[in-house]
Amino acid sequence: MLIEDWAGQVVGQTYLEEQLHIPRSTLHLWRRHNEVVALRVGSRKHVFPLAQFVDGRPVPGIRDVLSCIANPRRAWFWLNSPSSCLDGRTPIAMLRQDFVAEVVSALSRNASF
């Protein structure tokens with residue numbers, strides 16, 4: 001299964017730098033501080049789900065999700081799965097609309113990670 005089949009549109013550092021004007025150094029800093037979901041492809045390369053960015057910045061709340069779900073693939077899968085705790089909406093859609101508290105609450109109710 002291709003990563004795009006379950007993760008949606010993913011892009012590399014070059015795309016983010018050229019299209020969203022995010023310097024690679026900033027992207028690495030965000031990745032180290034769990035501000036973005038970085039999915040490993042190959043042995044060292046990472047791709048980034050595009051849906052987590054709004055106005056060239058990661059949506060608020062990603063760090064909260066990654067603090068509970070340490071595996072980035074599992075975290076992104078959870079972020080993209082409709083949640084009964086969020087009336088069937090996906091957590092990433094809620095984060096994109098600044099509903100961080102609601103997503104964190106749903107996350108704590110699904111603490112089986």
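Refer to the preceding data block for the structure.
Could you clarify how one ought to interpret the environment of Cys 68 in this entry?
Tracing the sequence through the fold places Cys 68 in helix α4 (residues 62–68). Under the relative-accessibility criterion, Cys 68 is labelled partly exposed at 44%. Expressed as a C-alpha distance, the spacing of Cys 68 and Phe 99, which sit 31 residues apart in the sequence, is 17 Å.

Explain the environment of Glu 35 to me, please; I cannot follow it from the model alone.
Mapping Glu 35 onto the fold places it in the loop between α3 (24–32) and β2 (39–41). As a C-alpha pair, Glu 35 and Ala 93 span 58 residues in sequence and 16 Å in three-dimensional space.

Help me out: how do you make sense of unusual backbone geometry in this one?
Excluding glycine, most residues fall at negative phi; most peptide bonds, likewise, are trans. Its identity as a non-glycine residue notwithstanding, Asp 55 has a phi of 55°, on the positive side. If you trace the backbone, Asp 55 turns up in the loop between β4 (53–54) and β5 (57–58). Even without glycine at this site, Asp 87 takes up a positive phi of about 55°. In this fold, Asp 87 is placed in the loop between α5 (72–79) and α6 (91–96).

For this particular structure, what's the right way to read the nonpolar core?
A general tendency of soluble globular proteins is for nonpolar side chains to be buried together. Core analysis: the biggest nonpolar cluster contains 23 residues, and Leu 39, Ile 62, Val 65, Trp 78 and Leu 79 have the highest contact counts within it. Of all the secondary structure elements, the ones that give two or more residues to this core are α1 (3–7), α4, α5, α6 and α7 (100–109). Here Leu 79 is in contact with Val 37, Ile 62, Val 65, Thr 90, Pro 91, Ile 92 and Leu 95, once residues within four sequence places are set aside. Membership of the second largest hydrophobic core comes to ten residues, among which are Ile 22, Val 36, Phe 48 and Leu 50.

Any chance you could explain the side chain of Gln 13 here in plain terms?
Here Gln 13 is to be found in helix α2 (residues 13–19). Note on Gln 13: relative accessible area 19%, which makes it buried. There is a polar contact of 2.8 Å between the side chain of Gln 13 and the side chain of Arg 24.

What is the right way to look at α7 in this model?
In an α-helix, one full turn covers 3.6 residues, which means residues spaced three or four apart are oriented alike. Taken together, the buried positions of α7 are Val 100, Val 103, Ala 106 and Leu 107. Buried residues of α7, viewed axially, fall in a sector of 130°; they line one side. Of the residues in α7, the exposed ones pointing more than 90 degrees away from the buried face are Ala 101 and Arg 109. Structurally, α7 contributes buried residues whose contacts are with α4, α5 and α6.

Quick question: what am I supposed to make of the pattern of salt bridges here?
In the structure shown here, the tally under the stated rule is three salt bridges. Notably, a salt bridge pairs Glu 17 with Arg 24, separated by 3.1 Å at the nearest N-O pair. Taking the relative accessible area as the measure of exposure, Arg 24 reaches 30% and is therefore partly exposed. Among the salt bridges present, the one from Glu 35 reaches Arg 63, with a minimum N-O distance of 2.0 Å.

Rules behind the numbers
Residue numbering note: each chain is counted from 1, following its sequence as written. Restriction of local features to residues with pLDDT of at least 70 applies here, the model being predicted, together with a cutoff of 80 or more for giving and counting side-chain atom pairs; totals for whole chains, interfaces and linings are based on all residues. Where side-chain values are given, they derive from all heavy atoms of the structure, hydrogens and water being excluded. The secondary structure listing takes helices from DSSP runs of H or I that are at least 4 residues long and strands from runs of E that are at least 2 residues long, numbered from the N terminus. Buried, partly exposed and exposed residues are distinguished by accessible area as a fraction of the type maximum, computed with a 1.4 Å probe on protein chains only: under 20%, between the cut-offs, and over 50%, respectively. Definition of nonpolar core: a set of buried residues of the types Ala, Val, Leu, Ile, Met, Phe, Trp, Tyr and Cys, connected through side-chain atoms within 4.5 Å. Note on contacts: a residue pair is in contact if any heavy atoms of the two residues lie within 4.5 Å. Polar contacts here mean pairs of N or O atoms no more than 3.5 Å apart (in protein, one a potential hydrogen donor and the other a potential acceptor; neighbouring residues in sequence count only if both atoms are side-chain atoms). The arc refers to the directions leading from the helix axis to the C-beta atoms. Just to be clear on terms, a salt bridge is a Lys or Arg side-chain nitrogen sitting within 4 Å of an Asp or Glu carboxyl oxygen.

Note that all results are geometric; they support no functional claim without further evidence.
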